[in-house]
Amino acid sequence: MKQIQAIRGTQDILPGEVERWYRVEAAAREVFGRYGVGEIRTPIFEDSQVFVKGTGETTDVVQKEMYRFTDLGDNDITLRPEGTPPVVRAYLQHKLGQGRSIDRYFYCGPMFRYERPQKGRYRQFHQIGVEVLGAESARVDAEVIAMAMQWLAELEVASPTLKLNTVGDEETRIAYREILVAAQAERLDELCGDCRARHVSNPLRVFDCKKPGCQAVIETLPVIQESLSAAADRHFNGVREALADWDIQAEIDPRLVRGLDYYRQTVFEITSSALGAQDSLLGGGRYDGLVAQMGGEDVPGVGFASGTERILLAMPEAPAEAATDVFVIAFDEGSVDTTHRFVHELRQAGLRALTYAYGGRNKRAQSKAARRSGAPWQLVVGPDEMAADRYTLRRLADNHEEVVSAGELPAVAARLVRHKASS
RNA sequence: GUGGCUGUAGUUCAAUUGGCAGAGCGCCUGCCUGUGGCGCAGGAUGUUGCGGGUUCAAGUCCCGUCAGCCACCCCA
């Protein structure tokens, strides 16, 4: 029979690896908390319209990457490919905007896109993202970026580079689109098929194309910065000034364009040179208009999404944290019952205790298991100890020993372990 | 969705022109040593990713398929 395996592009996160995930998530909660951002959890699947309307009908994500199906009740369902539209949907559904002018949320969880898997790109992948709704100030854009940078710094991510651009407000985009379409039309025959299609559907996306022929044309196309409305120009300068004021280096990239339709004004991306082709750790921007697009008031928004797998790839290998405090070894068969009783008592006392004295494992096997566990403390139970009621807790790192009776063991061990944890 | 590279024990990797599937580490047992990253002796583990084909003979050659990786694409 064929071995059943995980679906292509999905993976198991195993013990020993999951601890690094905890670290990323814990740092997110902690750093985001400093900015007043609280967690929101939305369903993993939604009505497909959430993404068709939110992410945008013309995007590749919606057109060819969604896990979209009809359920048994004949509903059009999609496994979420990104986090922003569901947050906006929840924001509207629960009328979260009432009472507060600025709402800040982060989410954390799996996303699904049907793409060809590669390192740093999976069909089920994980994102941690932030959405700030109800603020139009450029300072909030800068705060969101500062928060992302702070988080990556705490995670010791390798060489993060912030790239920043503006795609203009509505007024800018209407004016710029005309100029851009005209410029592209002049050299349409030099563009690839995809770009000729984008020229009609979404001319801004032509900037994403990496084909040499298109690159040659792109070099000559007018950039949006030259068409910025006064308001958009002021906003972008506001973001840049705030970042400069907080000593955050930003590389202005006039051709940075995001692939989702809802971005307006500020867009940014943080890449890492440690990653190869899929080098984007995190991307985001402002999405004024999305809330209205999804049926709400005209509420502005700004946020980002990060790829957890990619952050993990760019993070240093953490030294393994011991998952056990005390490992108890039975010297012989006659010591096994006492060994297990001690383990039980240590656990009752709040310690992480482990033994390997099962089914006649010899001392050698137990000793190896103790080493594998990484437990800083070891206790051997043998006939001599039991006869004298004197047991030795031994710290492997420096051979420090504490001799205790059976009755004192849990309390003494708890004190020793706590002392170590706090030092 | 396109093109390419790679799949051998738990793991890292060998296996000459097609010729008996192996090693290190890890794992298990015994001996030894009262607290062993020791020593000695022994042991287990594979439909060589899967399915076909060529051949006296396939880990090796051919076809298909699945998976991973690289580039494109896309994006976080």
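Here is what the cut-offs are and how they apply
- In this numbering scheme, every chain counts its residues from 1 along its sequence in written order.
- Both sets of labels track the order of writing: A upward for chains, 1 upward for ligands.
- Only residues with pLDDT of 70 or above have their local features reported here, since the model is predicted, and side-chain atom pairs are shown and tallied only from 80 upward, although totals for entire chains, interfaces and linings are computed over all residues.
- To obtain the side-chain values, all non-hydrogen atoms of the structure were used and water was disregarded.
- Note on conventions: DSSP H or I runs of at least 4 residues are helices, E runs of at least 2 residues are strands, and numbering of each starts at the N terminus.
- Throughout, the radius of gyration refers to the C-alpha atoms, and the reference size of a globule is 2.2 Å times the residue count to the power 0.38.
- Buried means the residue's accessible area, taken with a 1.4 Å probe over protein chains only, is under 20% of the maximum for its type, while exposed means over 50%, and partly exposed covers the values in between.
- For each residue, the test is whether any non-hydrogen atom lies within 4 Å of the molecule or strand; if one does, the residue is near.
- Polar contacts, as used here, are pairs of N or O atoms within 3.5 Å; protein pairs need one atom able to donate a hydrogen and one able to accept it. Residues neighboring in sequence count only if both atoms are side-chain atoms.
- Two strands are counted as paired when DSSP detects at least two bridges linking them.
- Between N-to-C directions, angles span 0 to 180 degrees; the directions come from axes that are lines fitted to C-alpha atoms, helices contributing only their stretch in contact.
- Contact criterion: two residues are considered in contact whenever any of their non-hydrogen atoms come within 4.5 Å of each other.
- Either an automatic procedure or a domain database provided the assignment from which the domain bounds are taken.
- What the arc measures is the spread of directions leading from the helix axis to the C-beta atoms.
- Site definitions follow a grid-based scheme: protein atoms alone, a 1 Å grid, a 1.4 Å probe that fits but cannot get out for cavities, and for pockets an open set with protein on both sides within 12 Å along at least five of seven lines, plus lining residues having an atom within 4 Å of a point.
- Grid points are joined across faces, edges and corners, and a volume is the space filled by probe spheres set on the points.
- The nonpolar class holds Ala, Val, Leu, Ile, Met, Phe, Trp, Tyr, Cys and Pro. Asp, Glu, Lys and Arg form the charged class, and all remaining residues, Gly among them, are polar.

Enquirer: What is the right way to read the overall build of chain A from this model?
Expert: Regarding its fold elements, chain A presents 15 helices and 16 strands. Since a compact globule built from 423 residues should have a radius of gyration of about 22 Å, the 28 Å found for chain A marks it as more spread out than a globular shape. Expressed along its principal axes, the backbone C-alpha trace of chain A runs to roughly 95 × 60 × 45 Å. Residue burial in chain A is summarised as follows: out of 423 residues, 48% are buried.

Enquirer: Before we go on, may I ask you to explain the protein's contact with RNA strand B in this structure?
Expert: As a matter of local geometry, RNA strand B sits amid 48 residues, with Arg198, Arg258, Ser280, Asp384 and Glu385 nearest to it. Counting only atoms of RNA strand B within 4 Å of the protein, the sugar-phosphate share comes to 55%. Measuring from a base oxygen of RNA strand B, one finds a side-chain N or O atom of Glu115 at 2.9 Å. A distance of 2.3 Å separates a sugar or linking oxygen of RNA strand B from a polar backbone atom of Ser280. Elements supplying a minimum of two residues to the surface near RNA strand B: strand 6 (124-133), strand 10 (280-286), strand 11 (301-307), helix 13 (363-373), strand 14 (377-381) and helix 14 (383-388). Top contributing element to the surface near RNA strand B by residue count: helix 13, with 7 residues.

Enquirer: Honestly, the sheet that holds strand 16 (residues 400-404) in this entry has me stumped. Any pointers?
Expert: The strands that make up a sheet are held in pairs by hydrogen bonds between backbone atoms, and each pair lies either parallel or antiparallel. The mixed open sheet is built from 5 strands, whose spatial order is 13-12-14-15-16. Each edge of the open sheet carries a strand with a single partner, namely strand 13 (353-355) and strand 16. The mean angle between the axes of side-by-side strands here comes to 25°, regardless of whether they run parallel or antiparallel. Of the pairings in the sheet, the one linking strand 12 (residues 326-330) to strand 13 comprises 3 bridges and is parallel in character. Bridge pairing in strand 13 links Phe327 to Leu354. Running at roughly 160° to strand 13, helix 12 (residues 336-348) makes contact with strand 12, strand 13, strand 14 and strand 15 (391-395) of the sheet.

Enquirer: Is there a simple way to think about the domain arrangement of chain A in this case?
Expert: Frequently, the measure chosen for interface size is the accessible area that the parts lose on association. If you check the domain split of chain A, you get domain 1 (18-169 + 229-314) and domain 2 (326-422). Relative to domain 2, the C-alpha centre of domain 1 lies at a distance of 49 Å.

Enquirer: Which parts of the structure should I look at to understand helix 13?
Expert: For the α-helix, the turn length of 3.6 residues means that residues three or four positions removed from each other point alike. Turning to helix 13, its buried residues number three or more, namely Gln366, Ala369, Ala370 and Ser373. Here the buried residues of helix 13 occupy an arc of 105° about the axis, which is enough to place them on one side. Residues Arg364, Arg371 and Arg372 are exposed on helix 13 and point more than 90 degrees away from its buried face. Once helix 13 finishes, Gly374 follows within two positions and takes phi at roughly 75°, a positive value.

Enquirer: Please explain the pairing of strand 10 as it appears in this structure.
Expert: Along any regular strand, the residues point their side chains to alternate faces of the sheet. Counting buried residues along strand 10, 7 of its 7 residues qualify, which places the element largely inside the surrounding structure. Across 6 bridges, strand 9 (residues 264-272) lies against strand 10 in antiparallel orientation. The residue bridging Glu269 from the neighbouring strand is Gly283, located in strand 10.

Enquirer: Can you walk me through the layout of surface pockets in this structure?
Expert: Empty space among the atoms becomes apparent when a probe as large as a water molecule is rolled across them. The computed volume of the largest pocket comes to approximately 1,600 Å³. Mapped by element, the contributors of at least two residues to the lining of the largest pocket are helix 3 (60-64), strand 6, strand 9, strand 10, strand 11 and helix 11 (308-314). In terms of residue class, the lining of the largest pocket is built from 16 nonpolar, 14 polar and 19 charged. Taken as a whole, the second largest pocket holds about 570 Å³ of empty space. What lines the second largest pocket is a set of 31 residues, and nearest its centre among them are Arg173, Asn202, Asp261, Tyr262 and Arg264.

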